[in-house]
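Each chain, written out:
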Amino acid sequence: MKQIPLSIPHLSGQEARYVTEALETNWVAPLGPNVEAFEAGMRAYTKTEAALATSSGTAAIHLALATLGVTTGDDVFCQSLTFVASVNPIRYVGARPVLIDSEEETWNMSPAALRRAMIQAATRGRLPKAVIVVHLYGVVAKIEELSAICAEYDVPLIEDAAESLGSTINGRMTGTFGTFGIYSFNGNKIITTSSGGMLVANDPHLIERAFYLSTQARQPVLHYEHTEVGFNYRMSNVSAGIGRGQLEVIEDRVAARRKIFQRYTRAFDMLDATQYQAEIEGSRANRWLTALTLPGGMEQRDQLIIRLQQDHIESRPVWKPMHLQPVYRDVPFITSDGIDVSGRLFAEGLCLPSASQMTFTEQALVIRSVRQGIVEDVRRNVRL
Ligand SMILES: *Cc1c(COP(=O)(O)O)cnc(C)c1O
């Protein structure tokens, strides 16, 4: 029996044309017409002034921090409930992550917790050098409030929009509120270049500086002259060809994933106390993955994952927050009022298959399996 995957690449059919073009014209280097066209396409789609295609989303975050001059001894605030790639680059530049808890509505960074962290930091005379906010599973964070707090303390905001390409609030794309925004085109994201990322900014000088750092920090002279340590972080012209074909269908992909989300939420109406990430007023989530919490907590969640597996359905727990990860155990974690919201979301949270090419039948199979799993779980508990 075929496995129903969580999220897999969904090609548009146009990718091969751009990739073939790259091969036939020998533009196989990490520069070329596909890279330029893909960057132009992303500038137009996100309505930003400047964009830099990178080898990954992680590389884009690293470049954002390096371009802002974040270095050893600095603090960087980062949402705790996220994939580890949001926070690792803070370590790459030698800085210390300070992890910020989530709010209950969108599951993203809590403005109240951020304010609390800023007040504490200001009191100690140790404001962070940047704040990294994530739009988890494509659901828009309370970005207007968050960016206002950052502006108040004059701290640059980096938006990790790796999962949220196409998500908007009041007509504005996620990834465009911060000093920098980053996107990921890894294989499981809403669109893909197989592996790749994008750094965007409204200040072209910042992208120029990031470009310089991403190409080994080479000085503009004939020979190879270097005054700083740079990186090799550019996207290849072959990958960018895939990206061009993918970007043409981004709106279809968003619509498909939103529809899957709607179908799940309607079908699970009967399940008590199941919660979803909310779309705050004026926002549109791309619903990269449908995530929900189960009232029975971690035990019920893990049982359900196993049950789905038996039915050949891939599901997975919500990201384990960074403050619960052994690798980040020693860094500060700041909540809004002492209650660990992201810890609870992890304990109760489950992501369901949400690939844009999922068929109606596949969706029905997932729905049936989830319902049966929960009914069985209730029976088990009654017997106990
Ligand atoms: C995927 C992802 C990244 C990293 O992107 P890569 O292209 O895989 O390096 C960063 N942050 C979040 C939230 C992600 O989901």
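Computed from a predicted model, the values in this text were never measured in an experiment. (Residues numbered from 1 in each chain as written. Predicted model: local features only at pLDDT ≥ 70, side-chain atom pairs only at ≥ 80, totals over all residues. Heavy atoms only, no water.)

**Focus on the state of the cysteines**
In total, this model carries 0 disulfides according to the counting rule given. Free cysteine: Cys 78, not disulfide-bonded; nearest cysteine sulfur from Cys 150 at 12 Å. Looking at the unpaired Cys 351, the closest cysteine sulfur is the one in Cys 78, lying at 18 Å. Its relative accessible area of 0% is what places Cys 351 among the buried residues. (Disulfide = S-S within 2.5 Å. Buried < 20%, exposed > 50% of the residue type's maximum accessible area, 1.4 Å probe, protein only.)

**Some points on the pattern of salt bridges**
Inspection of every chain in the model, using the stated rule, returns 15 salt bridges. Between Arg 234 and Glu 39 there is a salt bridge; the shortest N-O distance is 2.7 Å. Of this pair, Arg 234 sits in the loop between α7 (204-214) and α8 (237-247) while Glu 39 sits in helix α2 (residues 33-46); the two residues are 195 residues apart in sequence, bridging distant segments of the chain. Taken as a pair, Arg 234 and Glu 39 share a single burial class, namely buried. (Salt bridge = Lys/Arg side-chain N within 4 Å of Asp/Glu carboxyl O. Helix = DSSP H or I, 4+ residues; strand = E, 2+ residues; numbered from the N terminus.)

**With respect to the UniProt feature "active site" (unreviewed entry) in the protein chain**
UniProt records the feature "active site" (unreviewed entry) at Lys 189, using the numbering of this structure. Tracing the backbone through its elements, the reader meets Lys 189 in the loop between β8 (180-184) and β9 (197-201). Dropping the residues within four chain positions of it, Lys 189 is found in contact with Ala 162, Glu 163, Ser 184, Arg 257 and Trp 288. (UniProt positions renumbered as here; feature names shortened; annotations may be inferred. Contact = heavy atoms within 4.5 Å.)

**Examining the sheet that holds strand β3 (residues 96-100)**
Strand order in this open sheet of 8 strands is β1-β9-β8-β5-β4-β2-β3-β14, and the pairing throughout is mixed. The sheet terminates laterally at β1 (50-54) and β14 (333-334), the two strands that pair on one side only. Pairing of strand β5 (residues 157-160) with β8 involves 3 bridges; the strand directions are parallel. Across the sheet, residue Glu 159 finds its bridge partner in β8, namely Gly 181. Of the strands in this sheet, β1, β8 and β9 are in contact with α2, which crosses β1 at around 130°. (Pairing = 2+ DSSP bridges. Axes fitted to C-alpha atoms, helices over the stretch in contact; angles between N-to-C directions.)

**Here's the deal with the nonpolar core**
Ranked by size, the top nonpolar core spans 36 residues in total, and within it Leu 65, Val 76, Ile 90, Ile 132, Phe 180 and Leu 199 carry the most contacts. Residue assignment for this core shows that the elements contributing at least two residues are β1, α3 (57-67), β2 (75-79), β4 (130-134), β8, β9 and α7. Looking at this core element by element, the count peaks at 7 residues for α3. For this core, the two domains that each supply at least three residues are domain 1 (15-247) and domain 2 (251-383). Those residues in contact with Ile 90, other than ones at most four positions away along the chain, are Leu 65, Val 76, Cys 78, Ala 95, Arg 96, Pro 97 and Ile 132. In terms of nonpolar packing, the next biggest core, distinct from the first, is built from 34 residues, Val 35, Leu 136, Leu 165 and Ile 191 among them. (Core = buried A, V, L, I, M, F, W, Y, C linked by side-chain atoms within 4.5 Å. Domains from an automatic or database assignment.)

**Regarding the UniProt feature "modified residue: N6-(pyridoxal phosphate)lysine" (unreviewed entry) in the protein chain**
Under the present numbering, the feature "modified residue: N6-(pyridoxal phosphate)lysine" (unreviewed entry) in UniProt falls on Lys 189. With a relative accessible area of 10%, Lys 189 lands in the buried category.

**Describing the packing of α3 against α7**
The interhelical angle for the contact between α3 and α7, taken along N-to-C directions, is 115°, at an axis separation of 9 Å. Between α3 and α7, the crossing angle belongs to the class labelled roughly perpendicular. For the pair α3 and α7, the sense of crossing is right-handed. Residues Leu 63, Ala 66 and Thr 67 of α3 touch α7, and the partners they reach there are Leu 206, Arg 209, Ala 210, Leu 213 and Ser 214. Class assignment for the residues of the contact of α3 with α7 results in 5 nonpolar, 2 polar and 1 charged. (Parallel < 35°, antiparallel > 145°, perpendicular 65-115°, else oblique. Left-handed = near helix turned anticlockwise from the far one by under 90°. Nonpolar A, V, L, I, M, F, W, Y, C, P; charged D, E, K, R; others polar.)

**Topic: the sheet that holds strand β12 (residues 290-293)**
If you walk across this open sheet you meet the 4 strands as β10-β12-β15-β13, and the pairing is antiparallel. Strands with a single pairing partner mark the edges of an open sheet, and in this sheet they are β10 (275-276) and β13 (316-317). Across the face of the sheet, helix α11 (residues 341-348) comes into contact with β10, β12, β13 and β15 (349-352) while running at roughly 55° to β15.

**Notes on helix α6 (residues 143-152)**
Among all positions of α6, only Ile 143, Leu 146, Ile 149 and Cys 150 are buried. Each buried residue of α6 lies within a common arc of 125° when the element is viewed along its axis, so the set occupies one face. Every exposed residue of α6 that faces more than 90 degrees away from the buried side is listed here: Ala 151 and Glu 152. In this fold, the buried residues of α6 make contact with α5 (111-123), β4, β5 and β6 (168-169). (Arc of directions from axis to C-beta.)

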